[in-house]
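This is what each chain is made of:
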Amino acid sequence: MLELQIAGRSFGQPVLGEVFATIERGDRICLLGPSGIGKTTLLNAIAGLDKTIPPKAIIGRDKLRVGYLFQEHRLLPWRTLNANLQLAGATTAEADDHLASVGLKDYSHYLPDQLSLGMARRAALARCLAVKPDLLLLDEPFASLDPVMAGELKALIAGIMDAHPRMAMICVTHDGGDAEILANRLWYLDGRPAQLQWDDAVGEPRLINELLGKLRNSEGFDMV
Ligand SMILES: Nc1ncnc2c1ncn2[C@@H]1O[C@H](COP(=O)(O)OP(=O)(O)OP(=O)(O)O)[C@@H](O)[C@H]1O
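This write-up is about the structure you can find in this document. All figures in this text were calculated on a predicted structure; none of them were measured in a lab.

This brings us to the site of the ligand. The environment of the ligand is formed by Phe11, Val15, Gly33, Ser35, Gly36, Ile37, Gly38, Lys39, Thr40 and Thr41. Of the residues contributing to the shell around the ligand, the split by class is three nonpolar, six polar and one charged.

Set out below in structure tokens:
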């Protein structure tokens, strides 16, 4: 579905090194790595937001719709949730359905600033769904949420992926345990410049335990 042939990305000094990987329909990838290593930089490149990365480095990108959940919700504050989703291409009724699917059935007419952090993140997730994505990019969706809300959002995302078996996902997280719930592949980004150190299938419990063990032993990695 998508092939990455990224030569690198510098911000004054090299951040990303060469990244070669493929993403197939239905892939659920958790992207882990130390803080500041380049995970968001890689997501931005895949999303096509980084104009310094030549389009030919992301083969297949032009044929895909991408939903990107940024670290902050980026909803337009002067528009209702329904109107925000309409901007992403949904009809009024579709926007209501997407909002209902993330537990915001009664909040269609709310403004983003009237929502809690967790609700705003779910509204932003609904906006991602409104673009009918082939690929969902999630940048630390559980950051700053209390454990109950984070758990609910994890279950919600897992349910969305089950309901859309041809949609692929890359989810940046600092918690290797998220992979057990969400992923069938683990990407681990490390080094300077950063490269994918591991790209593994984690479909089997034995494999995922092995990988999480490696992550726990990895220097400088924060396991939660
Ligand atoms: N627009 C920019 N200008 C300058 N430096 C940048 C820019 N964007 C990212 N960087 C640098 O690139 C490096 C990687 O940043 P990035 O946000 O991709 O890391 P990350 O792995 O997502 O971090 P975190 O886990 O803390 O969110 C950092 O050193 C950061 O300071």
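Now that the structure is up, let's keep going.
Among the residues making up helix α1 (residues 39–47), those that are buried are Lys39, Thr41, Leu42, Leu43, Ala45 and Ile46. Looking one or two residues beyond α1, the residue adopting positive phi is Gly48, at roughly 85°.

Let us look at the pairing of strand β5 (residues 28–32). Most of β5 sits out of view: five of its five residues are buried. Side chains Arg28, Cys30 and Leu32 project from β5 onto one buried face, and the interleaved Ile29 and Leu31 project onto a second face that is buried too. As paired elements, β5 and strand β9 (residues 168–172) share four bridges and run parallel to each other. In the strand pairing of β9, Arg28 is matched with Met169. Here four bridges tie β5 to strand β10 (residues 185–190), and the two strands are oriented parallel to one another. Note on β10: the bridge partner recorded for Ile29 is Arg185.

A few words now on the sheet that holds strand β6 (residues 58–59). Pairing between sheet strands relies on hydrogen bonds along the backbone, with the strands arranged either parallel or antiparallel. Spatial ordering of the open sheet is given by β4-β1-β6, a layout of three strands whose pairing is antiparallel. Each edge of the sheet is formed by a strand with only one pairing partner; in this case those strands are β4 (19–23) and β6. Sheet topology places strand β1 (residues 2–6) next to β4; five bridges connect them, and they run antiparallel. Looking at the pairing, Leu4 lines up with Ala21 of β4.

Okay, unusual backbone geometry next. With an omega of -5°, the peptide bond between Arg192 and Pro193 qualifies as cis. Positive phi, normally seen in glycine, also occurs at Lys132, with a value near 50°. By the element assignment, Lys132 lies in the loop between α4 (117–130) and β8 (135–139). Of note, Glu140 is a non-glycine position whose phi angle comes to about 50°, a positive value. The topology assignment puts Glu140 in the loop between β8 and α5 (147–163). Judged by C-beta crowding, with 19 C-beta atoms within 10 Å, Glu140 ranks as partly exposed.

So, how was this worked out
Residues numbered from 1 in each chain as written. Predicted model: local features only at pLDDT ≥ 70, side-chain atom pairs only at ≥ 80, totals over all residues. Near = placed C-beta within 6 Å. Nonpolar A, V, L, I, M, F, W, Y, C, P; charged D, E, K, R; others polar. Buried ≥ 20, exposed ≤ 12 C-beta atoms within 10 Å, placed from the backbone. Helix = DSSP H or I, 4+ residues; strand = E, 2+ residues; numbered from the N terminus. Pairing = 2+ DSSP bridges.

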